[in-house]
Amino acid sequence: VASMMRVFLILLWTTNLVQPNIPQAAGVQVFPPVNFTLTVSALAEVRLHWKPNPNQEQRNYTIRYDVKILSPVPEEYDTKKTHSIRTTALHNGFSAHVRTLLLYHNDLQMRSDWVKEQLLPPPGAPETSVTNLSCVTRISISRTVSLHCTWLPGQGAPEDTQYFLFYRYEMYTEECQDYMKDKWNRNTGCRCSVTHIHPEEVDNLIVIHINGSSKYAAIKPFQQLFNQNAIEKVNVPRNVTVFLEQNDLLATWEKPISPFPKECFEYEFYLFNLKSGNKQILKIPSNDFRLRIDVTSRYSIQIRANHHICCRRGFWSDWSEIIYVGQNKLENSVAWILAVLCVFTCCT
């Protein structure tokens, strides 16, 4: 009997250990948030807002909220605030859930039911939206940033469809003022020579929004988000200098116009042997270079730059202007012989 009593006491003690918070949770109800709304606050930006349920008892519990975004990009997070802002493309709509969490001593105790809300997609068939949207930015000598975008009309868009581009950067939203057109006079590109984009920023987003109009159909808008550095068309390396030192070719240059330090760039060195026709493209991590060459040959040289991968790669720059170095000794000998023969013939 004493042995059975000890086993009973041990079981009772273990039960109390694994359920220490049951007395606090007993009789407590968890109510879902109220007045859950989704509001488009800017291009490709939605504001989620809700209020605490007025019937929710406070007691000794901490109230947080569990947010689940279903589309367009699934995401889950919790917050103690009653609002949240997300930046994402909204042309296919937006859907999210939110629920109340009760915590006691920062341990999850109970959850409410989900409250659901959604933004419907804007009108228009998907085939009327633009396709193949591509954008690049460039930094000028004056440190202003230009934006250049191109696209193709939607295959389902009527022939009279006209598209219009807007870009948003932080709090600034502007419409394109300089469009490029195809042979049917439809806008298929945009040039913004001066923008509000800051060249010194690192990972900001550029929102591109393109809507359209037609007499015959609703044109579905299209949105796309670009990382600022990922679409930068890097400038050409500056002050390229190439010379020969005995049997070595030496080259030096300055980094492109950019707010990034020189450590954030890598280069490609294009070497073409005009005598043999051999081509080489060499990866160069710094802004100087030495290479053993055939000094009896003549070479053409070009250099281009890009961000190093640790600084978020953009688009390769254009190649620098061609620089020639060396001389073809055989060609020079032939030219000298011909010159001597010509002089001898004239004298004769």
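Being a predicted model, the structure only gives us computed values, none of them experimental. (Residues numbered from 1 in each chain as written. Predicted model: local features only at pLDDT ≥ 70, side-chain atom pairs only at ≥ 80, totals over all residues. Heavy atoms only, no water.)

1. Points about the packing of aromatic side chains
Now for step 1: Summed over the entire model, instances satisfying the criterion amount to 7 aromatic pairs.
Now for step 2: Between the aromatic rings of tryptophan 253 and tyrosine 267, the centroid separation amounts to 5.3 Å while the plane-to-plane angle is 70°, which identifies the pairing as edge-to-face. Of this pair, tryptophan 253 sits in strand β18 (residues 248-254) while tyrosine 267 sits in strand β19 (residues 265-273), and the two are 14 residues apart along the sequence. Across this residue pair, the class does not change: tryptophan 253 and tyrosine 267 are buried.
Now for step 3: Positioned above the aromatic ring of tyrosine 77, the side-chain terminus of arginine 86 is 4.1 Å from the ring centre. (Phe/Tyr/Trp six-rings, centres within 6.5 Å; stacked < 30°, edge-to-face > 60°. Helix = DSSP H or I, 4+ residues; strand = E, 2+ residues; numbered from the N terminus. Buried < 20%, exposed > 50% of the residue type's maximum accessible area, 1.4 Å probe, protein only. Lys NZ or Arg CZ within 6 Å of the ring centre and 35° of its normal.)

2. Some details on a nonpolar patch on the surface
Now for step 1: A cluster of nonpolar residues, Leu274, Ile322 and Tyr324, forms a patch on the protein surface that exposes about 290 Å² of accessible area.
Now for step 2: Positionally, isoleucine 322 belongs in the loop between β22 (298-307) and β23 (323-326). (Patch = residues over 30% accessible without salt bridge, like charges linked within 9 Å, V, L, I, M, F, W, Y side chains within 5 Å. Areas by Shrake-Rupley, 256 points an atom, 1.4 Å probe, with all protein chains shown as cover. Salt bridge = Lys/Arg side-chain N within 4 Å of Asp/Glu carboxyl O.)

3. Points about the nonpolar core
Now for step 1: Within the largest apolar cluster, 25 residues are counted, with the highest numbers of intra-cluster contacts made by Leu133, Cys135, Cys149, Trp151, Leu165, Ile208 and Ile210.
Now for step 2: At the level of secondary structure, the elements contributing two or more residues to this core comprise β9 (131-139), β10 (145-152), β11 (162-169), β14 (187-192), β15 (205-213) and β16 (222-227).
Now for step 3: In this structure cysteine 135 touches Leu147, His148, Cys149, Ile208, Phe226, Ile231 and Phe315, once residues within four positions along its chain are discounted.
Now for step 4: Listed in part, the 21 residues of the second largest apolar core include Val240, Ala251, Phe269 and Val325. (Core = buried A, V, L, I, M, F, W, Y, C linked by side-chain atoms within 4.5 Å. Contact = heavy atoms within 4.5 Å.)

4. Overview of the pattern of salt bridges
Now for step 1: Throughout the structure, instances matching the rule amount to 15 salt bridges.
Now for step 2: The salt bridge involving glutamate 200 is made with arginine 143; its shortest N-O contact spans 4.0 Å. Placement of the pair is glutamate 200 in the loop between β14 and β15 and arginine 143 in the loop between β9 and β10, with a sequence separation of 57 residues.
Now for step 3: Of the residues examined, glutamate 200 reaches a relative accessible area of 49% and is grouped as partly exposed.
Now for step 4: Here arginine 304 makes a salt bridge to glutamate 268, at a shortest N to O gap of 2.8 Å. With arginine 304 in strand β22 and glutamate 268 in strand β19, this residue pair connects regions lying 36 residues apart in the sequence.
Now for step 5: Relative accessible area serves as the criterion here: at 7%, glutamate 268 is assigned to the buried category.
Now for step 6: One network of salt bridges, with partners in common, ties together Glu245, Asp248, Arg290 and Arg292.

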